[in-house]
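# Fold and contact review
Okay, here's what each chain looks like letter by letter:
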Amino acid sequence: MIEVEHLKKIFDSTEVFKDINLKVNDGDVVGVIGPSGSGKSLLLRCMIMLERADSGRIYLDGDEITAPGYNLDSVHKRIGMVFQTFNLFEHLSVVENVMSGLVHLNGMKTIEAYDRAKQLLQEVGLADKAFMYPRSLSSGEKQRVAIARTLSLEPEIILMDEPTSLLDPLMRGEVESVIRMLKSEHRTMVITTHEMELIRQVCNKVVFLNDGIVWEEGTPGKIFDNADRDETRRFVKALRVLEFDVQSADFDFIGMKTQILDFAYRNGVSTLAMNRLMSIVEEFVQMIIIQQQEDNRMKMTFEYNKHEERIEGNILFSGEELDPDNPRYVFSWPIIKMRATEIETSLIDEDGYTNRVFITIK
Ligand code: ADP
Ligand code: MG
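Bear in mind the structure is a predicted one, so any value in this text is a computation, not a measurement.

Where helix H3 (residues 94-104) contacts helix H5 (residues 139-152), the two axes come as close as 8 Å, and the packing angle between them is 25°. By the angle class used here, H3 and H5 are roughly parallel. Handedness of the crossing formed by H3 with H5: right-handed. Contacts between H3 and H5 pair Val94, Asn97, Val98, Ser100 and Leu102 from the former with Val145, Ala148, Arg149 and Ser152 from the latter. The residue makeup of the contact of H3 with H5, split by class, is five nonpolar, three polar and one charged.

Given below as structure tokens:
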């Protein structure tokens with residue numbers, strides 16, 4: 001069990017932590033969410049004593065680890081951390097990376113450490129990569145090595161700082177399945193992430209950090225679907241909503257694709273629905289923005305409805321009335337209709353927009 005009491009931290013006159021209080025019970029898997037800069041990483045770094053708060057205390061099973069002179073090696077054995085950037089030793093092989101803590105912190109004999117490391121690599125599915133070097137691994141494999149290395153010291157609590165955020169979508173699944181395995185072993189974990197689906201799958205508690213305090217906490221169902229406070233609802237909605245405001249053909253259409261992928265993975269949207277969404281967005285961009293002579297504008301808002309497992313989109317655009325027989329629409333529109341589950345068009349007069357398309361995607 002870890003207890004954080006009245007943590008305060010100021011950087012360059014910014015009060016990043018005003019008063020942070022948090023309790024993690026044995027077996028809890030706590031998800032920490034919050035805007036960028038709210039101190040999610042800092043909180044984990046303070047919990048493992050890589051960073052010291054200006055005031056406040058942290059207790060690990062009743063021992064105050066923030067007490068002056070407390071043995072930090074013992075903290076690092078009892079609390080493990082997995083970093084967003086993996087932090088592997090590049091000059092050591094995979095198995096040596098996993099052995100290093102066992103040999104240097106635990107004083108284990110090399111041969112025993114080797115056997116244990118091989119076993120851990122087996123658990124994360126990387127036994128066949130033991131003699132490779134980090135540079136020849138994919139990012140998902142690197143993160144799994146980092147997790148095996150963290151597990152090697154048998155920590156009582158594992159902290160993970162955005163463990164999947166630097167992975168491309170295909171790699172996320174493999175790291176997430178390792179995290180699910182850790183949950184099934186009833187390990188105590190604290191995970192910072194923007195991925196709502198990961199939180200729903202593994203966390204029993206979500207903590208929303210905002211403005212230097214724990215703004216709200218509760219079960220994932222409560223925080224994501226029924227939060228008490230406006231700021232929490234707004235933040236969660238932003239995670240669930242994907243918005244594109246395309247004001248000209250100079251829009252960053254490449255970045256758009258990344259955002260669609262990210263939105264889909266954050267929310268656990270199926271690959272099929274994600275591909276349909278991607279294709280629909282591309283066709284709208286083609287017919288409304290690229291193929292038009294006028295300077296059309298388009299605003300697209302998509303929201304994932306978790307319960308019904310569908311995406312609801314609201315697309316507003318300027319210019320003439322949508323006409324399926326117009327040569328500009330003749331290729332794109334049938335594709336959109338084919339990919340959508342429901343589609344409804346209407347004429348509007350709103351902020352200079354003249355057309356609205358409401359679409360659902362499954
Ligand atoms: P998050 O992980 O939620 O995005 P961080 O924990 O990285 O946020 O940072 C919280 C705030 O503290 C940011 O404003 C950041 O600039 C500041 N901060 C964190 N670490 C340091 C540091 N070592 N020196 C100065 N400012 C820092
Ligand atoms: Mg961070």
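Another aspect to go through is the environment of Leu347. Topologically, Leu347 is positioned in strand S14 (residues 342-350). Its relative accessible area of 54% is what places Leu347 among the exposed residues.

Core analysis: the biggest nonpolar cluster contains 46 residues, and Ile33, Leu121, Ile147, Met160, Ile179 and Met189 have the highest contact counts within it. Excluding residues within four positions of it along the chain, Ile179 makes contact with Met160, Pro163, Met189, Ile191, Leu198 and Val202. Of all hydrophobic cores here, the second largest spans 35 residues; its members include Met287, Ile289, Phe302 and Leu322.

The local shell around ligand 1 consists of Phe11, Val16, Pro35, Ser36, Gly37, Ser38, Gly39, Lys40, Ser41 and Leu42. In this structure, Gly37 approaches ligand 1 through a main-chain N or O atom, which is 2.7 Å from an oxygen atom. Separating an oxygen atom of ligand 1 from a backbone N or O atom of Gly39 is a distance of 2.9 Å. Here ligand 1 loses 58% of its free accessible area of 560 Å² to cover by the protein chains. Residue contributions to the shell around ligand 1 peak at three residues, all from helix H1 (residues 40-47).

Once that is clear, we can look at the packing of helix H11 (residues 271-290) against helix H12 (residues 332-339). Running from N to C, H11 and H12 point in directions that differ by 155°, and their axes come no closer than 9 Å. Taken together, the axes of H11 and H12 are roughly antiparallel relative to one another. H12 is crossed by H11, and the crossing has left-handed handedness. Residues Arg276, Ser279, Ile280, Glu283, Phe284, Gln286 and Met287 of H11 lie in contact with H12, whose contacting residues are Ser332, Trp333, Ile335, Ile336 and Arg339. Counted by class, the contact of H11 with H12 contains six nonpolar, three polar and three charged residues.

Further remarks concern the pairing of S14. Residues in a regular strand point their side chains to alternate faces of the sheet. Where S14 lies against strand S15 (residues 353-361), seven bridges are found, and the strand directions are antiparallel. The residue bridging Glu342 from the neighbouring strand is Thr360, located in S15. Adjacent in sequence and paired antiparallel, S14 and S15 are bridged by two residues, among which Asp351 carries a positive phi angle near 50°.

Conventions and cut-offs
Residues numbered from 1 in each chain as written. Chains lettered and ligands numbered in written order. Predicted model: local features only at pLDDT ≥ 70, side-chain atom pairs only at ≥ 80, totals over all residues. Heavy atoms only, no water. Axes fitted to C-alpha atoms, helices over the stretch in contact; angles between N-to-C directions. Helix = DSSP H or I, 4+ residues; strand = E, 2+ residues; numbered from the N terminus. Parallel < 35°, antiparallel > 145°, perpendicular 65-115°, else oblique. Left-handed = near helix turned anticlockwise from the far one by under 90°. Contact = heavy atoms within 4.5 Å. Nonpolar A, V, L, I, M, F, W, Y, C, P; charged D, E, K, R; others polar. Buried < 20%, exposed > 50% of the residue type's maximum accessible area, 1.4 Å probe, protein only. Core = buried A, V, L, I, M, F, W, Y, C linked by side-chain atoms within 4.5 Å. Near = heavy atom within 4 Å. Polar contact = N/O pair within 3.5 Å; in protein donor to acceptor, adjacent residues only side chain to side chain. Areas by Shrake-Rupley, 256 points an atom, 1.4 Å probe, with all protein chains shown as cover. Pairing = 2+ DSSP bridges.

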